[in-house]
Structures are given as C-alpha cells and as structure tokens.
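For reference, the chains in residue letters:
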Amino acid sequence: MSNGIGLHEPKIISVVNQKGGVGKTTTTINIGAALAAQGMNVLLVDLDPQGNASTGLGFPASVRGKTTYDLLLDEAPIEEVVHDTEFEGLFLAPATTDLSSADMELVSNEKRTFLLRDSLRQPAMEKFEFDFVLIDCPPSLNMLTINAMVASHSILVPLQTEFYALEGLSQLMLTVREVREAANRDLRFEGVVLTMYDGRNNLARQVEADARDNLGDMVFETRIPRNVRISEAPSFAMPVLSYDPSSTGAVAYSALAKEILIKNNIMAEA
Ligand SMILES: Nc1ncnc2c1ncn2[C@@H]1O[C@H](COP(=O)(O)OP(=O)(O)OP(=O)(O)O)[C@@H](O)[C@H]1O
Ligand SMILES: [Mg+2]
C-alpha cells in the first residue's frame, strides 16, 4: 500500500508538545494501533527517557534490550532495536532512562541533530516495509525532540483542552521554524489534536473554539474525549483499541487515524 511518500518509505510523524502530560504518549500508542488496525505497518519510536510508550506496550525496562539510545549513539542496526508488539502491525523501538544522557551528548555536536534521521533511513529499514513511523517525544524542546523533528515529514501536536493549552504553541512554532531553516525545509504540520476533551465543560468548549479560530483546519475534526478506558489500557500493556474496542476512546482514535489516512491520500474520503 502506498502512503504517499514513496515505495517502502515510511511517513515519519513526530508527536510533539513540550508541555508535560498533554497526551503525547497516549496519542502515539493509540494512533499507532489504529493505523495498524487499518492495515498499516507502523513503527513506534520511543524517544522519551521516561519510556512510557515502551511500558504501555508491554515492554518493562528489564526486557527492552537494545533501545533508541543504541540506535542514536551506538549506530545499532535497526533490526536489533525493533520489537514486535502484541498488536498486529505495530512495532516498537523502546527507550530507557539512558536516553536522558543522550540528550546531553547530543548537545555537544551540531551534526548530531541528524542522527535519528540517518538511523531511520538506513537501508535495513526497507525490509520492514513500514508505512508509518511515529515518534513519541519527551516533554521538552531538547536535542531529542530536535532530532525527531529533523527526522520527520511532519509533526502532530496533542493539545489538552484546558486553560493555558495554547500558551506553549508559539515557542513550539518558533522551534519548527528554526528546524526548517537549519535542517529540514520540508517539515510540515500533520495537525493539532484536542485531547482529554469533556464537552460538558465550558472551558473545554472555549479552548476548542480558540484553537479552531487560531489554527483553522490544522485542528483535526476528531476530538479525543476524556475516557477512563484510555488511561487504564497501558496498565494492561494494551492500546485502548484492544483493551476496550467499543469505548469512546477507541472509537475516537480510530476516527483520528482515518483522518490521517485521508490527509495522506491513503484512504478516500467517505
Ligand atoms: N483521553 C484521555 N482520557 C483520560 N486520560 C487520559 C487521556 N489521554 C491521556 N490520559 C492520561 O493522562 C496522563 C498523561 O498522558 P500521556 O502520558 O499520554 O501524556 P504525555 O504528554 O505523553 O506526558 P509526558 O509529557 O510526561 O510524556 C496519563 O496518565 C494518561 O493515561
Ligand atoms: Mg509521554
């Protein structure tokens, strides 16, 4: 299947927001699963030293083996870092706390903003035939996040529907502009997704209106509702799609994945 980028060349999307706890990891895991459920081959790259995406997919630190640290700093072959998950079509490159020292090591050399880009474009990637690579970024605009942006075709920004949601966006936009100027001219916005949305809450509705006024059609139509099944799923090492497929959270992430497939001309509009 073509993803609009090229034959066996995956579309690479970074999930970014320097604000903590806005739903980056949850969104990366569940879009990954929802895309895989649509027949896509998806690699989730955990680029956060917290390793939440790795834990959430059933990889506690003890079984992670080679990680994204090895990929970035020891030129580990991609096939040693990619693990099969329980969810068909979804693969994981895990992270451990080592990665926080990688951030420091990366600062010392400007060329090192290209490390992830180069590792994700190594010839051995081809045989996996990934359609999408999703990168879960840490809550910071640090060198790891810069590496992710340099490696990516686009960024996807989860926005928690609460007061201050839009505050950090100008800083994020500034960083995107700098990355475009210095290293990745073609970096695009995949879109902004509203997370933990509670429609009964006036403030959430106001934040949504502000986001849509300011960002227009960059904001995905699908909102991710606040849903307890979403927050329970990682403790069962599952995406919400397998933990509770009929939950509002699973339905929303499936709809979001469809929007992404349509935006990328992989699926026709219904
Ligand atoms: N739609 C949702 N409904 C209910 N809980 C949610 C939802 N999305 C995320 N959460 C919960 O909110 C918390 C933060 O989510 P998550 O870890 O995905 O954010 P994050 O941006 O990756 O955080 P960090 O910045 O620390 O990496 C988690 O406990 C998660 O289970
Ligand atoms: Mg996270």
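Residues numbered from 1 in each chain as written. Chains lettered and ligands numbered in written order. Predicted model: local features only at pLDDT ≥ 70, side-chain atom pairs only at ≥ 80, totals over all residues. Heavy atoms only, no water.

Turning next to the overall build of the protein. Regarding its fold elements, the protein presents twelve helices and eight strands. Relative to the 2.2 N^0.38 estimate, which gives 18 Å for 270 residues, the radius of gyration of the protein is 17 Å and therefore close to what a compact globule would have. Once the C-alpha set of the protein is aligned to its principal axes, its extents read approximately 50 × 40 × 35 Å. Within the protein, the fraction of its 270 residues that count as buried is 54%. Looking at the protein alone, contacts between residues at least 24 apart form 78% of all its contacts between residues at least 6 apart. Surface summary for the protein: the accessible area is close to 12200 Å², and the carbon and sulfur share equals 49%. Considering the protein, the positive charge centre built from 22 side chains and the negative charge centre built from 36 side chains are found 4 Å apart. (Helix = DSSP H or I, 4+ residues; strand = E, 2+ residues; numbered from the N terminus. Rg over C-alpha atoms; globule rule 2.2 N^0.38 Å. Buried < 20%, exposed > 50% of the residue type's maximum accessible area, 1.4 Å probe, protein only. Contact = heavy atoms within 4.5 Å. Areas by Shrake-Rupley, 256 points an atom, 1.4 Å probe, with all protein chains shown as cover. Lys, Arg positive; Asp, Glu negative; His and termini not counted. Charge placed at Lys NZ, Arg CZ, Asp CG, Glu CD.)

A word on the side chain of Asp-48. Mapping Asp-48 onto the fold places it in the loop between strand E2 (42-46) and helix H2 (52-56). One buried charged residue, Asp-48, remains without a salt bridge, the closest side chain of opposite sign being Lys-24 at 6.6 Å. Reaching out from Asp-48, the side chain makes a polar contact with the side chain of Gln-50 at a distance of 2.8 Å. Setting aside its immediate chain neighbours within four residues, Asp-48 contacts Ala-95, Leu-99, Asp-136, Cys-137, Pro-138 and Pro-139. (Salt bridge = Lys/Arg side-chain N within 4 Å of Asp/Glu carboxyl O. Polar contact = N/O pair within 3.5 Å; in protein donor to acceptor, adjacent residues only side chain to side chain.)

Turning our eyes to something else, we now look at helix H7 (residues 143-151). Most of H7 sits out of view: nine of its nine residues are buried. Every buried residue of H7 is listed here: Met-143, Leu-144, Thr-145, Ile-146, Asn-147, Ala-148, Met-149, Val-150 and Ala-151. Structurally, the start of H7 carries an N-cap: the backbone nitrogen of Leu-144 is 3.1 Å from a side-chain oxygen of Asn-142.

Time to look at unusual backbone geometry. Unusually for a residue other than glycine, Glu-129 sits at a positive phi of about 50°. Looking at the secondary structure, you find Glu-129 in the loop between helix H6 (115-120) and strand E5 (132-136). For Glu-129, a relative accessible area of 40% corresponds to the partly exposed category. For Asn-265, which is not glycine, the phi dihedral falls at a positive 60°. Checked against the element boundaries, Asn-265 lands in the segment after helix H12 (248-263).

Considered as a void within the structure, the largest pocket measures approximately 510 Å³ in volume. Around the largest pocket, the lining is made up of 31 residues, and of these Gly-23, Thr-25, Thr-26, Met-196 and Ile-230 lie nearest the centre. Counting only elements with at least two residues in the lining of the largest pocket, the list comes to helix H1 (24-37), H2, strand E7 (188-197), strand E8 (219-225) and helix H10 (228-232). Looking at the lining of the largest pocket element by element, the count peaks at six residues for H1. Class assignment of the residues belonging to the lining of the largest pocket gives a composition of 14 nonpolar, 14 polar and three charged. Of the volumes computed, that of the second largest pocket is approximately 280 Å³. Along the walls of the second largest pocket sit Arg-212, Gly-216, Asp-217, Val-219, Phe-220, Glu-221, Glu-259, Ile-262, Lys-263 and Glu-269, which together make up its complete lining. Where the lining of the second largest pocket is concerned, the elements lending two or more residues are E8 and H12. Split by residue class, the lining of the second largest pocket holds three nonpolar, one polar and six charged. (1 Å grid on protein atoms, 1.4 Å probe; cavity = no way out; pocket = protein on both sides within 12 Å on 5 of 7 lines; lining within 4 Å. Points joined across faces, edges and corners; volume = space filled by probe spheres on them. Nonpolar A, V, L, I, M, F, W, Y, C, P; charged D, E, K, R; others polar.)

The biggest cluster of nonpolar side chains holds 49 residues, and the ones touching the most others in it are Leu-43, Leu-47, Leu-116, Leu-120 and Ile-135. In terms of nonpolar packing, the next biggest core, distinct from the first, is built from 35 residues, Phe-59, Phe-87, Leu-134 and Val-240 among them. (Core = buried A, V, L, I, M, F, W, Y, C linked by side-chain atoms within 4.5 Å.)

Contact geometry of H7 with helix H8 (residues 169-182) gives a least axis separation of 10 Å together with a crossing angle of 55°. The angle between H7 and H8 places the two elements in the oblique class. The handedness of the crossing between H7 and H8 comes out as right-handed. Touching Ile-146, Met-149 and Val-150 of H7 are Leu-172, Thr-175, Val-176 and Val-179, all from H8. (Axes fitted to C-alpha atoms, helices over the stretch in contact; angles between N-to-C directions. Parallel < 35°, antiparallel > 145°, perpendicular 65-115°, else oblique. Left-handed = near helix turned anticlockwise from the far one by under 90°.)

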